[in-house]
Amino acid sequence: MGDRDDRGTIGRRVQRLRTERGMTQRQLAEPAYTPAYISTLEAGRVRPSEEALRHLAGRLGVGYEELATGRPARLATDLRLRLTEARRTLAVEGAEEAAGQYTALLAEAEAHDLPEERAAALLGLGECAVETGELARGRDCFERAERCLADAGAPLPARVPALRGRALAHYLAGELRYAVYLLETTLDELNRGGLHDPDALLLLYASAIGPYMDMGAHARAAQAAEIALSLAPGVGDPALVARMHRSVARTLLAEGRLAEADASLAKAAELYRTLQLRTELANCHWMRGYVCAQNGELPRAEAEMRQALDMLSATRAALYSSQVAVELADVLHRRGKSAEAAELLHGVLDDLSSERGAVHAAGAHRLLGIIAEDARDTEAAEEHYVRALSLLERAGAAGDLADLCRLLGDLLRRTGRVEAALDAYRTGLGHRTAPGTTTLGPAPAQPPL
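Residues numbered from 1 in each chain as written. Predicted model: local features only at pLDDT ≥ 70, side-chain atom pairs only at ≥ 80, totals over all residues. Heavy atoms only, no water.

- As recorded in an unreviewed UniProt entry, the chain goes by Tetratricopeptide repeat protein and comes from Streptomyces plicatus.

Topic: the overall build of the chain
And then number 1: Helix and strand counts for the chain come out as 23 helices and zero strands.
And then number 2: Each principal axis of the C-alpha distribution contributes one length, and for the chain these read about 100 × 45 × 40 Å.
And then number 3: Put simply, the chain has 449 residues, and 52% of those count as buried.
And then number 4: Nonlocal contacts in the chain, meaning residues at least 24 apart in sequence, comprise 62% of its contacts between residues at least 6 apart. (Helix = DSSP H or I, 4+ residues; strand = E, 2+ residues; numbered from the N terminus. Buried < 20%, exposed > 50% of the residue type's maximum accessible area, 1.4 Å probe, protein only. Contact = heavy atoms within 4.5 Å.)

Quick notes on the packing of aromatic side chains
And then number 1: A full pass over the atoms with the stated rule returns two aromatic pairs.
And then number 2: Note on Tyr 33 and Tyr 37: the rings are 5.1 Å apart at their centroids and 20° apart in plane angle, and the pair reads as stacked.
And then number 3: Given the relative accessible area of 22%, Tyr 33 is considered partly exposed.
And then number 4: Its guanidinium or amino end placed over the ring of Tyr 64, Arg 54 lies 3.9 Å from that ring's centre, counting from NZ or CZ. (Phe/Tyr/Trp six-rings, centres within 6.5 Å; stacked < 30°, edge-to-face > 60°. Lys NZ or Arg CZ within 6 Å of the ring centre and 35° of its normal.)

Concerning the layout of surface pockets
And then number 1: Taken as a whole, the second largest pocket holds about 210 Å³ of empty space.
And then number 2: When residues of the lining of the second largest pocket are traced back to their parent elements, those giving at least two are helix 13 (218–231), helix 14 (238–254) and helix 15 (258–275).
And then number 3: When residues of the lining of the second largest pocket are assigned to their parent elements, the largest contribution, five residues, is made by helix 13.
And then number 4: Taken together, the residues that form the lining of the second largest pocket break down as six nonpolar, four polar and five charged. (1 Å grid on protein atoms, 1.4 Å probe; cavity = no way out; pocket = protein on both sides within 12 Å on 5 of 7 lines; lining within 4 Å. Points joined across faces, edges and corners; volume = space filled by probe spheres on them. Nonpolar A, V, L, I, M, F, W, Y, C, P; charged D, E, K, R; others polar.)

Focus: unusual backbone geometry
And then number 1: Residue Pro 31 follows Glu 30 across a cis peptide bond; omega there is 0°.
And then number 2: Secondary-structure assignment places Pro 31 in the loop between helix 2 (25–29) and helix 3 (35–42).
And then number 3: Although it is not a glycine, Asp 113 sits at a positive phi angle of roughly 55°.
And then number 4: Relative to the helices and strands, Asp 113 is located in the loop between helix 7 (95–111) and helix 8 (115–131).
And then number 5: The class of Asp 113 is exposed, set by a relative accessible area of 51%.
And then number 6: Here Arg 376, not a glycine, exhibits a phi torsion of approximately 65°, which is positive.
And then number 7: By the element assignment, Arg 376 lies in the loop between helix 20 (358–374) and helix 21 (378–395).

Structural notes on the nonpolar core
And then number 1: The biggest cluster of nonpolar side chains holds 139 residues, and the ones touching the most others in it are Tyr 205, Met 244, Tyr 320, Leu 345 and Tyr 385.
And then number 2: In terms of residues, this core owes the most to one element, helix 12 (residues 198–214), which gives eleven residues.
And then number 3: Excluding its chain neighbours within four sequence positions, the residues that come into contact with Leu 345 are Val 326, Ala 329, Ala 364, Leu 367, Leu 368 and Ile 371. (Core = buried A, V, L, I, M, F, W, Y, C linked by side-chain atoms within 4.5 Å.)

A word on the side chain of Asn 191
And then number 1: Following the sequence through the fold, Asn 191 ends up in helix 11 (residues 176–192).
And then number 2: Asn 191 sits in the buried class, given a relative accessible area of 10%.

A few points about the pattern of salt bridges
And then number 1: For the structure shown, the criterion picks out 38 salt bridges.
And then number 2: With a closest N to O distance of 3.6 Å, Glu 270 and Arg 273 form a salt bridge. Of this pair, Glu 270 and Arg 273 both sit in helix 15, three residues apart, which is roughly one turn of the helix.
And then number 3: Exposure remark for Glu 270: the relative accessible area of 46% places this residue in the partly exposed category.
And then number 4: The residue Glu 297 makes a salt bridge to Arg 300 at a minimum N-O spacing of 3.7 Å.
And then number 5: Shared partners join several salt bridges into a network, and the residues in it are Asp 262, Arg 288, Glu 297, Arg 300 and Glu 304. (Salt bridge = Lys/Arg side-chain N within 4 Å of Asp/Glu carboxyl O.)

Given below as structure tokens:
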């Protein structure tokens, strides 16, 4: 009832439909109403009751909702089906094709004032933008989706995918602290408010693991993984469960539990294959390659990462392609293929920056520094280390800063600059040990598991 158009709009719609059908006001009115009532209604001088609208809809041969709101019958259902098709396009064909579908769906949802479908289209556009590396555009889409749902009175759990999208865009841009802030404050609000929605909570906890690990907050990442695993049995979305397994593998790997990490990724990969989610499956191959590299299985690591890179390149997932290329280069360097590794890194550095994949941009400079040191080009090595240090400090990636400071300190010491080397070592120790550097405050309240 509250979703109806105003009486003037309804009146004009009734008149248009009646005229299109060649009906007189008397024919439309009979047997329950008078021609004078129809005339008054069409002039916008009276607001019809629900009973009157249902009578008129029946006489005009349209649905009640279409007459009351102007939305074609089954429009919302049709839009939801097409949103599902767009999600499939994003998973299988890539972001560019899916973005066109989402743009058309957004226009229709806005034209017919369907806030849920509008928010879903904006979420899809945000995901497309993240895949292609347009992080500012992605953040804008996620923020618009969140506002759309909030204006429509949607509860917090329904807004979580949009909030998580914002956090992901900030995380990929290298804004780790703000990403964690968004995730933790949302978790805190959900848990303290008793809004125990397993899907929303699992999405947030799984999404927090990556930034926690990059910030060096390993204990908090392990806690998030433990809670995520306990939430999984109550979650019905297999894609969400797969994402959780992929995230949890990072904490298992950090704890040296390589076999368990590989098993967790195998579960995720199987779910993604079943669901035909190509980009997510590629990310599983990428992560499994990383696990193999940590275990010293370099040929298998290279094969897994090359497969991931091929899959991501096929769907034109530009940012993710650049990131996996950096980690593949590390494997190639460890296999003695330093020239190929350096060529690969130089090829992707233009796609990475402090605002786009900052942690991997730093990783690329770090590896180029190591390769330059191996070639005894200490000047180039120092330049790469300093650029990597600047990127990591800006991102707050304490997990990698200490190691980089050690590399820079060793280089400075070997070239006779002892005081500068000591400063680099102290910087690294400070990032490793300073209390409170990896979190923004107390951990969020936990759900009642």
